[in-house]
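Structural overview
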Amino acid sequence: MSAQKSILYPLVAVLVLILIPVIGVKLGLSYFFAVVVPYAAFVIFFGGILCKIVNWARSPVPFRITTTCGQGKSFDWVKHNKFDNPFTNKQVFVRMVLEVLCFRSLFRNLKMELRDGPKLTYGSAKWLWLGALAFHWSFLIILLRHMRFFAQPVPGFVDMLQSVDGFFELGVPQLFLTDAVIVAALTYLFLRRVVVPQLRYISLPSDYFPLFLLFGLILSGIGMRYFFKVDIIKVKELAMSLVILKPTVPEGIGALFYVHLFMLCVLFAYFPFSKLTHMAGVFLSPTRNLANNSRYKRHVNPWDYPVKVHTYEEYEEEFREKMKEVGLPVEKE
Amino acid sequence: MADVPKPEELAKIDHTPPETPWMETPAVLKDGMWCYGAHPKNLEIVDMPNPREWSPRDEDWKLPDNWKEIVLDGMKDRLGKFRSFKLFMDICVRCGACADKCHYFIGSGDPKNMPVLRAELLRSVYRKNFTLGGKLFKKLAGGRDLTMDVFKEWWYYLFQCSECRRCSVFCPYGIDTAEITIIGRELINLLGCNIDWIQAPVANCYRTGNHLGIQPHAYVSMIEFFCDEIEDVTGVRVNPTFNRKGAEILFITPSGDVFADPGTYTAMGYLILFHYLESMGLDITWSTYASEGGNFGFFTSHEMAKRLNAKMYAEAERLGVKWILGGECGHMWRVVHQYMDTFNGPPDFLEEPVSPITGTKFEHAKSTKMVHICEFTADLIRHNKLKLDPSRNDNLVVTFHDSCNPARAMGFLEEPRYIIKNVCNNFYEMPSNTIREETFCCGSGAGLNAGENLELRMRGGFPRANAVKHVHEKHGVNMLACICAIDRAALPTLMEYWVPEVEVTGVHELVGNALILDGEKKRTTDLRGEPLPGMEDIEDEDL
C-alpha cells in the first residue's frame, strides 16, 4: 500500500468515526453512545488486554535471552553495570522501571550519518525519546486528571495533579501544560512518520490510525475545555452514573462531548487488537525482564525434548584406526 | 558471481527507500549478496528435510507441494513455544529506532535490512494468518499472504542478518531481530532451504566434531605443527594432550583457530599459556571429539544447536574432568552462556569451576560450569601469576572489537580489555558508539562468512571498518584485536578491503607474545614470525 493511501484510509476512517456520534445523537441515540458504547468499549478493552496477556503468557520462555547493555557480573574487581545488565531479580526490577517509566532504551537512540570520506558518524538523537516520553506521560496525567469526573469527592491527588498541571495559570480557563505538550508530541510523532523517508516507508495504516484517533480524542477534549463549552456538571452526572452501574443520560450535553467519548471508546476497543498492546507487552519482553545469570542459575525449558546426537562411540567407531595411528587413547582397542 | 565493487563505489550508499511500497517490491537476488543453497548430502547427514539439488537462483526451489502448510504450521508451533516470537510479532510500533542501527542497512541502504522491516516480512504473514485484524482487514491491517515470492524474500533477507542483536539494544521493547531471524531460519529449514555455508559445517560438526571436518588424526597433527612453530619462536617445546581421561579441565575452542591464520596464532597463545601454567598445577586436555566451540546449528534451528552442543558436556563426562574452559569465540559464547545448561544440562557430573592457579571460584559460572578463557586469564593477571613483557607487542598499536554475542548476550566487556592493557602498551578505543554494547558486527556473523556473498560482507562490515579506519588515522592503530573466531576469519578480508594497513588478532595471541616462559630463548619475532622492533639487533649481535 502506498504511503498516501496508508495515511488517507485511516484519516477517512477517523473522520467517519467522528461523524457517527454526531449523527447518532441527532437521531436520538444518546443512550447508545453514552452508555452502551462506553460499557462495551470498557469490556473489550479489559477483556481483550487480559486475553492478550494470557495468550502471551501461555507461550513459555524456553531460553534466557537477555540483551545485555553493559558490563556483566563477573569478578569483584570488575565494575558490574547492575541496571543495564542485571544479575538478580531486584536489578531486573530496576531495569524494567527505567524502561517503562523513563524509556531507557529509547534514550540510547543515535542518528547515523554517512559523510564524504566515507565517514560514518553517530550523533545523539534524543528527540524520539523526548517526544515519546512527553506523549505517554501527558496522556497518563490527562487520564488521571479525568478521575475528577468519576469520583465524588475528587481525590486529593487529582486536585494536586491539576494544580501542578495548571501551574502557569495562563488564560481562562487556565491552560493545562499537558494539553499543550500532548498536542506538540503527537504532532511530532505524526510528522516524523510523514517526513522521514524510511519511516514513511515502514509505516502502515495501523500506525496512522491510532495517531488520528488520538488527535480526535485530544482535540475534541481541548475544544470542550477551552472553546466550545459543554455542561461539565451533566458530564459528571453521566460519568458517576456509569461508575455506579445505574446509567442515566442527562439531556443537553453538547455533541462535542459525544465525539470525545466515542473517540475514547474506539481507542479502547481497538487497543487489544493493535500495536498499542505494547503497553502490556513491554513487561513481558524476555530480552529485558530476565536476569543475565544463565551460567549461575540453570534456566529450564518446559518443552525440552531429547534429540538425536552423534555419540562418542559412533565417532570412535568411524575414526578408531586413525586415532590409534597418532596415539590418541581409544575406548575399544 | 559478480565482482565486489571498489570501496569508493561501495561507499556511495543511498539510504532513501524506493518509490514502490515494500509489500509490492519483490526481492531480487543480487549477486554477491546471497549464499549457495544447502547441498543434499549435508542435509541427509543430519536427517533434515527435503534434500535435493537446488539453487536459490532457480525459479523452482523444488519444495514439497504442501510447503505453505508446512511453514504456517511451523509458525503456529513456534508461536506456542516462544513467548519472544509471539510478543515480537505483536508489539512493534514501527518507531524506527532500530532502522539505522543495523550494519547491513547502513552498508547497503536496502530498506528491508532495517530490522523493523526485516521483522515485518514475517509479521505481515503472521498478521494475515494468525490475527483477527489481519484476517478481517487483510492489507489494511498490514497482512500479507505467504507466497513463493514472500518465502524467497524471507530467505534473502534472513540470510542478510547476522543475529548481532544491536537493534535489540535500542528497541524500546527489546524486540530482538536475532530471535526473529533464528525462528525464521527454522521455518526456512523446514523446507530444506538452508545455505550451504551453514549446512556443511553443521554436517561436518555432527560427524567429525568440528565445523571444518577435521578428523582426529589431522586435528592432532595440526596442533603439533603449532607446537613446532612455538618452539621456533620461543625455544620451548609445549606438549598438549588430547582426549585424556582424568584431566581436571577440558578445553574447547572453535576449530577455526586450528585451521587458518590468524586464528592459528590465537591457538598458539592458548598452548603457550597452558604450558606456562603446567608447572603451577594446570591439568588440561583438548578433545578431538568436542573439537568445536562454535555452533552453526544455532544458525539453523534450536534443535540443531542442541544436537551439536551436546558433545561438550558428553565429552566432559566421558573424560571425567571437573569443569570446562572455553576459547575465544562469539556465538559459541552466546550458546554456552545463554543456552547450553538449558539445552544439555544440568552437568551434575562436573564441579563448580575453580582456578587451580589462583583458587578463584568462578561463582557466576557455577551452574553451567564453563569458564571463558578471558575470565581465566584476567584472573591470573589480577593475581600476578603471569610474567609478562608487554613491550613484545610494541610493534602493535591495538584496538579492540567487541564481538556481538559476548557484548550483548553476556556483557563481557572489561575482561578482554583488562588482558589487552596488561599485555600491550599501545591500546586505543574506537568511538564509543561503535564498541561495547553498541559494537558493530564484523558483517559476516551467523554463518554468512562465505565467498560468494562477499559484497554483502563488505557492506555489512563497513561500519566496523569505518571505526577502525578512524583510530588507524588518529592513533596509527595497526592491529584489531577480537575474541571471536568468525571475526578472525572475516575481519582480515574486511580490513584488506577498507583499511588495508590493519591486521587482526585474537587476544590470546597477544598474551602468547607477552608471556615469558621459563627457559625460553630471546624472542626476536612474534608468533607470526615477524621481527620484533629493537630485537633484530640482538640477533645480529649473537651472529
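Just so we're clear, the structure is a prediction, and the values are computed from it rather than from any experiment.

Thoughts on the overall build of chain A
Helix and strand content of chain A: 13 helices and two strands. For a compact globule of 333 residues, the expected C-alpha radius of gyration is about 20 Å, and chain A comes in at 28 Å, more than 25% above that figure. Across its three principal axes, chain A shows a C-alpha extent of roughly 100 × 55 × 45 Å. For chain A, the residues scored as buried account for 35% of the 333 residues in total. A sequence separation of at least 24 residues applies to 63% of the contacts in chain A between residues at least 6 apart.

Quick word on the overall build of chain B
When helices and strands are tallied, chain B shows 24 helices and seven strands. In terms of overall dimensions, chain B has a C-alpha envelope of 80 × 50 × 40 Å along the principal axes. Here chain B, with 543 residues, has 64% of them falling under the buried criterion. For chain B, restricting intrachain contacts to residue pairs at least 6 apart in sequence, the fraction spanning at least 24 positions comes to 77%.

Description of the interface of chain A and chain B
Each partner contributes residues to the interface: chain A has 82 residues there, and chain B has 94 residues. Elements with a contribution of two residues or more to the side of chain A that touches chain B: helix H4 (104–107), strand E1 (110–115), strand E2 (119–124), helix H8 (197–202), helix H9 (205–227), helix H12 (278–281) and helix H13 (312–325) of chain A. By residue number, the principal contributor to the side of chain A that touches chain B is H13 of chain A, which donates six residues. In the side of chain A that touches chain B, the residues fall into 43 nonpolar, 25 polar and 14 charged.

Quick notes on the domain arrangement of chain B
The parts lose accessible area when they come together, and the size of an interface is often stated as this lost area. All names here are of chain B. You can read the domains of chain B as domain 1 (7–31 + 49–193) and domain 2 (202–514). Summarising the inter-unit geometry, the C-alpha centres of domain 1 and domain 2 are found 31 Å apart. Contacts between domain 1 and domain 2 engage 19 residues on the former and 24 residues on the latter. Secondary-structure elements contributing two or more residues to the side of domain 1 that touches domain 2 are helix H1 (7–10), helix H5 (103–108), helix H9 (166–170) and helix H10 (177–189). Of the residues that constitute the side of domain 1 that touches domain 2, the class distribution is eight nonpolar, six polar and five charged.

Considering the pairing of strand E7 (residues 503–506) of chain B
Residue and element names in this part refer to chain B. Of the pairings in the sheet, the one linking strand E6 (residues 479–482) to E7 comprises four bridges and is parallel in character. By the bridge assignment, leucine 480 is partnered in E7 with valine 504. The β-α-β motif built from E6, the intervening helix H22 (residues 485–498) and the parallel element E7 has right-handed crossover chirality.

Observations concerning the nonpolar core
Within soluble globular proteins, side chains that are nonpolar generally end up buried alongside one another. Ranked by internal contacts, the top residues of the largest apolar core, which has 241 residues, are Ile420, Val468 and Met495 of chain B. In this structure, this core is formed jointly by two domains, domain 1 (7–31 + 49–193) and domain 2 (202–514) of chain B, each of which donates at least three residues.

Some points on the sheet that holds strand E1 (residues 249–252) of chain B
Pairing between the strands of a sheet comes from backbone hydrogen bonds, and it takes one of two forms, parallel or antiparallel. Residues and elements named next belong to chain B. An order of E2-E1-E3-E4 is seen for the four strands of this open sheet, with the pairing classed as parallel. Only two strands of the sheet have a single partner each, and these edge strands are strand E2 (284–286) and strand E4 (370–372). Strand-to-strand twist across the sheet, computed as the mean angle between neighbouring axes with direction ignored, equals 30°. Along the sheet, helix H15 (residues 302–319) makes contact with E1, E2 and strand E3 (323–326), crossing E1 at roughly 150°.

What to know about the packing of helix H1 (residues 3–26) of chain A against helix H2 (residues 30–58) of chain A
Residues and elements named next belong to chain A. Direction vectors running N to C along H1 and H2 enclose 125°, while the axes themselves pass 7 Å from each other. Considered as vectors, H1 and H2 are oriented oblique to each other. Of the residues in H2, those touching H1 at Pro21, Gly24 and Val25 are Ser30, Phe32 and Phe33. For the contact of H1 with H2, the class distribution of residues is four nonpolar, two polar and no charged.

So, helix H7 (residues 177–195) of chain A
Residue and element names in this part refer to chain A. In this model H7 runs 26 Å from its N-terminal to its C-terminal C-alpha over 19 residues, within 8% of the 27 Å that 1.5 Å per residue would give. Regarding H7, the residues found buried are Thr178, Asp179, Ile182, Ala185, Leu186 and Arg193. When H7 is viewed along its axis, its buried side chains cluster within an angular range of 140° and face the same direction. With respect to the buried face of H7, the exposed residues turned more than 90 degrees away are Leu191 and Val195. Elements that come into contact with the buried residues of H7 comprise helix H5 (127–145), helix H6 (156–165), H8 and H9.

Focus: the environment of histidine 508 of chain B
Residue and element names in this part refer to chain B. Note on placement: histidine 508 falls in helix H23 (residues 507–514). Between the C-alpha atom of histidine 508 and that of threonine 266, which follows or precedes it by 242 residues, the distance is 5.2 Å. Among residues more than four places away in sequence, those in contact with histidine 508 are Thr266, Gly269, Tyr270, Leu273, Glu328 and Ile373.

Some thoughts on the sheet that holds E7 of chain B
Residues and elements named next belong to chain B. Read from one edge of the open sheet, three strands run E5-E6-E7, paired in parallel fashion. Here the strands that pair on one side only, and so sit at the sheet edges, are strand E5 (398–401) and E7. Mean inter-strand twist for the sheet, computed between neighbouring axes without regard to direction, equals 35°. Along the sheet, H22 contacts E5, E6 and E7; its crossing angle with E7, the most-contacted strand, is approximately 165°.

Some details on H2 of chain A
Here H2 of chain A contains 29 residues, and its C-alpha end-to-end distance of 41 Å stays within 8% of the 42 Å for a straight helix at 1.5 Å per residue. Buried within H2 of chain A we find Ser30, Phe33, Ala34, Val37, Ala41, Lys52 and Trp56 of chain A. The secondary structure elements touched by the buried residues of H2 of chain A are H1, helix H10 (232–243), helix H11 (255–270) and H12 of chain A together with helix H4 (83–90) of chain B.

Here we look at the pairing of E6 of chain B
All names here are of chain B. What you see with E6 is no split at all: Met479 and Ala481 on one side and Leu480 and Cys482 on the other are buried throughout. As paired elements, E5 and E6 share four bridges and run parallel to each other. If you follow threonine 399 over to E6, its bridge partner there is leucine 480.

A short note on the packing of H9 of chain A against H11 of chain A
Residues and elements named next belong to chain A. Two elements in contact, H9 and H11, have axes separated by 9 Å at closest approach and are oriented at 150°. By the angle between their directions, the pair H9 and H11 is classed as roughly antiparallel. For the pair H9 and H11, the sense of crossing is left-handed. Residue-level inspection shows Leu213, Gly216, Leu217, Ser220, Gly221, Gly223 and Met224 of H9 in contact with H11, the latter providing Leu256, Phe257, Val259, His260, Met263, Leu264, Val266 and Leu267. The residue inventory of the contact of H9 with H11, partitioned by class, reads ten nonpolar, five polar and no charged.

Criteria and thresholds
- Sequence positions are assigned chain by chain, starting from 1 and proceeding in written order.
- In the order they appear in the text, chains get letters beginning with A and ligands get numbers beginning with 1.
- For a predicted model such as this one, the threshold for reporting local features is a pLDDT of at least 70, and the threshold for listing and counting side-chain atom pairs is 80 or more; totals across whole chains, interfaces and linings nevertheless cover every residue.
- By the criteria applied, helices consist of DSSP H or I runs no shorter than four residues and strands consist of E runs no shorter than two, each listed in order from the N terminus.
- Here the globule rule is a power law, 2.2 Å times the number of residues to the power 0.38, and the radius of gyration is based on C-alpha atoms.
- Each residue is classified by how many other C-beta atoms fall within 10 Å of its C-beta atom, where C-beta atoms are placed from the backbone; a count of 20 or more means buried, 12 or fewer means exposed, and values in between mean partly exposed.
- By definition, residues are in contact whenever their C-beta atoms, placed on the basis of the backbone, come within 7 Å of each other.
- Ten residue types, Ala, Val, Leu, Ile, Met, Phe, Trp, Tyr, Cys and Pro, are classed as nonpolar, four, Asp, Glu, Lys and Arg, as charged, and the remainder, Gly among them, as polar.
- Note that domain bounds follow an automatic or database assignment of domains.
- Any two strands with at least two DSSP-identified bridges between them are counted as paired.
- Seen with its strands pointing away from the viewer, a crossover is right-handed when the path leading from the first strand over the helix to the second is clockwise.
- Residues enter a nonpolar core if they are buried, belong to Ala, Val, Leu, Ile, Met, Phe, Trp, Tyr or Cys, and are joined to the set through C-beta atoms within 7 Å.
- Angles shown run from 0 to 180 degrees and are taken between the N-to-C directions of axes, each axis being a line fitted to C-alpha atoms and, for helices, limited to the stretch in contact.
- The cut-offs work like this: below 35 degrees is roughly parallel, past 145 is roughly antiparallel, 65 to 115 is roughly perpendicular, and the gaps in between are oblique.
- The length a helix should cover is 1.5 Å for every residue beyond the first.
- Note: the arc covers the axis-to-C-beta directions of the helix.
- The hand of a helix crossing depends on one turn: near helix anticlockwise from the far one by less than a right angle means left-handed, and clockwise means right-handed.

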